[in-house]
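If you want the building blocks of each chain, they are given just below.
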Amino acid sequence: GAVVSQHPSRVICKSGTSVKIECRSLDFQATTMFWYRQFPKKSLMLMATSNEGSKATYEQGVEKDKFLINHASLTLSTLTVTSAHPEDSSFYICSARDVQGLSNQPQHFGDGTRLSIL
Amino acid sequence: QKEVEQNSGPLSVPEGAIASLNCTYSDRGSQSFFWYRQYSGKSPELIMSIYSNGDKEDGRFTAQLNKASQYVSLLIRDSQPSDSATYLCAVVGAGGYNKLIFGAGTRLAVHP
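Residues numbered from 1 in each chain as written. Chains lettered and ligands numbered in written order. Predicted model: local features only at pLDDT ≥ 70, side-chain atom pairs only at ≥ 80, totals over all residues. Heavy atoms only, no water.

Here we take up the sheet that holds strand S1 (residues 4–5) of chain B. Pairing between the strands of a sheet comes from backbone hydrogen bonds, and it takes one of two forms, parallel or antiparallel. Residue and element names in this part refer to chain B. Strand order across the open sheet formed by five strands is S1-S3-S8-S7-S6, with antiparallel pairing between neighbours. Either end of the sheet is taken by a strand with one partner, and the two such strands are S1 and strand S6 (54–58). Direction of pairing for strand S3 (residues 19–25) relative to strand S8 (residues 71–76): antiparallel, over a ladder of six bridges. From the neighbouring strand, Ala19 faces S8, where its bridge partner is Ile76. (Pairing = 2+ DSSP bridges. Helix = DSSP H or I, 4+ residues; strand = E, 2+ residues; numbered from the N terminus.)

Right under this line is the structure:
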């Protein structure tokens, strides 16, 4: 159980393109999903917390107009990197926690999306 | 002071030995602690969760928590080359939504 599917796994595109990444909880419902980015040999950095039916909460220093988050259902959250530039190239990972579990239950991670902007 | 600290390693152990990974955290109010394993180029995978002081065992893995010392550790018995990965310590931070605060990770190398 607790499977999180993330798509696509890899994106290579030109500078200025907008890229959408989907995160789905397959066998559970998630009121809250989380979006991280990770640079090579660095730890995960939380970008934003995605809340079903409401606006996402962004971490300090993360541009909300650059990284658009939509959490329209209990099983799907999307991250759109708008007008991507080479500095946005990174490994983006989503996670989710079962809404029926206790609030301290672990997060389960998707497989990540490697984004490369040329 | 970083909220969750880990030695970056690499920690090199021979196959069959016990690998000991350590983590300290700064928020004394933290109640939930997790160890994740991350292979190169992959996303984190949950290994252990621990919420109470003491030891928690699951197969070859043992998590240890000492809230008074703000210290959590992970022991891997009978280490295998397939255990070679980066191990991330994560603590649920203060505030809403129970956000995870990650350490920088310890790279473990198990050599035959």
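Here the narrative resumes.
Aromatic ring pairs are described here by two measures, namely the spacing of the ring centres and the angle between the planes. On inspection of all chains with the given rule, the structure shows nine aromatic pairs over all chains. A centroid spacing of 6.0 Å and a plane angle of 65° characterise the contact between Phe109 of chain A and Phe102 of chain B, whose relative ring orientation is edge-to-face. Here the residue Phe109 of chain A occupies a position in strand S10 (residues 108–109), and Phe102 of chain B occupies one in strand S10 (residues 100–102), the pair thus bridging two chains. Phe102 of chain B carries the same exposure label as Phe109 of chain A, and that label is buried. Each ring, one from Phe34 of chain B and one from Tyr51 of chain B, has its centre 6.0 Å from the other, and the planes form 85°; the classification is edge-to-face. Here Tyr51 of chain B lies in the loop between strand S5 (45–50) and S6 and Phe34 of chain B lies in strand S4 (residues 33–38), a separation of 17 residues in the sequence. With relative accessibility at 1%, the residue Phe34 of chain B sits in the buried group. Grouping aromatic residues by their ring pairs yields a cluster made of Tyr36 and Phe109 of chain A together with Phe34, Tyr36, Tyr51 and Phe102 of chain B. Here the guanidinium or amino end of Arg114 of chain A rests over the ring plane of Phe91 of chain A, the centre of that ring lying 4.4 Å away. Note that Arg60 of chain B overlies the ring of Phe61 of chain B, its terminal NZ or CZ placed 5.6 Å from the centroid. (Phe/Tyr/Trp six-rings, centres within 6.5 Å; stacked < 30°, edge-to-face > 60°. Buried < 20%, exposed > 50% of the residue type's maximum accessible area, 1.4 Å probe, protein only. Lys NZ or Arg CZ within 6 Å of the ring centre and 35° of its normal.)

Attention now moves to the layout of surface pockets. In this model, the largest pocket occupies a volume close to 630 Å³. Around the largest pocket, the lining is made up of 25 residues, and of these Pro40, Lys41 and Lys42 of chain A together with Ser40 and Thr86 of chain B lie nearest the centre. The dominant element in the lining of the largest pocket, judged by the number of residues it contributes, is strand S9 (residues 85–92) of chain B, at three residues. Within the lining of the largest pocket, the residues separate by chemical class into nine nonpolar, eleven polar and five charged. (1 Å grid on protein atoms, 1.4 Å probe; cavity = no way out; pocket = protein on both sides within 12 Å on 5 of 7 lines; lining within 4 Å. Points joined across faces, edges and corners; volume = space filled by probe spheres on them. Nonpolar A, V, L, I, M, F, W, Y, C, P; charged D, E, K, R; others polar.)

By themselves, these are just geometric observations and shouldn't be taken as functional.
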